[in-house]
Amino acid sequence: MQKASFKKSERLCGVIAISELFAEGKSLNMPSLRVICRFTPAAAGIHSVRVLITVPKRHFKKAADRNLMRRRIREAWRKNKETLVSLMKQTGRHADIALIWTDTTIRPYSYAEKCVAEAISRVSGLKY
């Protein structure tokens, strides 16, 4: 098993990629997390799963609170992403995913990890 990391190439960035994700992606709503995902055929030079993590200012006015939740979600993603990454590599697909935190309270890491793990399992089960 390789080391769990979250490199720059695994992050979804760029206006075109993000706007295509929100325009064409499928949306999943869960209690504290909204997931938007878009599947495409695998392309050379692009990581098999790229993710965008966001915590809206509407829910957390203080930047320190937004950063805390973003760090917790990012760590949960880093620890649990391997099943989805291996599935995408096996099927020859590429996934762009946006994780949007919709809860209005600061939750402990264990809760954020449970939500992210559930999101990964639901995205893995989608028909694309």
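Each value, and the rule that gives it
- Residues numbered from 1 in each chain as written.
- Predicted model: local features only at pLDDT ≥ 70, side-chain atom pairs only at ≥ 80, totals over all residues.
- Heavy atoms only, no water.
- Helix = DSSP H or I, 4+ residues; strand = E, 2+ residues; numbered from the N terminus.
- Rg over C-alpha atoms; globule rule 2.2 N^0.38 Å.
- Buried < 20%, exposed > 50% of the residue type's maximum accessible area, 1.4 Å probe, protein only.
- Contact = heavy atoms within 4.5 Å.
- Areas by Shrake-Rupley, 256 points an atom, 1.4 Å probe, with all protein chains shown as cover.
- Lys, Arg positive; Asp, Glu negative; His and termini not counted.
- Charge placed at Lys NZ, Arg CZ, Asp CG, Glu CD.
- Salt bridge = Lys/Arg side-chain N within 4 Å of Asp/Glu carboxyl O.
- Expected span 1.5 Å × (residues − 1).

Structural notes on the overall build of the protein chain
Of regular secondary structure, the protein chain possesses 4 helices and 4 strands. When its helices and strands are written in sequence order, the protein chain yields α-β-β-β-α-α-β-α. In summary, the protein chain has a C-alpha radius of gyration of 14 Å against a globular reference of 14 Å for 128 residues, a match within 12%. For the protein chain, the spread of C-alpha atoms along the principal axes amounts to about 40 × 35 × 25 Å. Looking at the protein chain as a whole, 39% of its 128 residues qualify as buried. When contacts within the protein chain are restricted to residue pairs at least 6 apart in sequence, long-range pairs at least 24 apart make up 81% of them. For the protein chain, the computed accessible surface area is about 7,200 Å², with 54% contributed by carbon and sulfur atoms. One way to put it: in the protein chain the 26 positive side-chain charges average out to a point 3 Å from where the 10 negative ones average out.

Some remarks on the pattern of salt bridges
Following the criterion strictly, the structure yields 7 salt bridges and no others. A salt bridge links D96 to R50, with the nearest nitrogen and oxygen atoms 3.1 Å apart. In this pair, D96 sits in strand β4 (residues 93-101) while R50 sits in strand β3 (residues 49-54), placing the two residues 46 residues apart along the sequence. Each member of the pair, D96 as well as R50, carries the same accessibility label: buried. One salt bridge in this structure joins R107 and D103, with 2.6 Å as the shortest N-O distance.

Focus on helix α4 (residues 109-124)
End to end, α4 covers 22 Å across 16 residues, agreeing with the expected 22 Å (1.5 Å per residue, within 8%). Those residues of α4 lying buried are Y111, A112, C115, V116, A119, I120 and V123.

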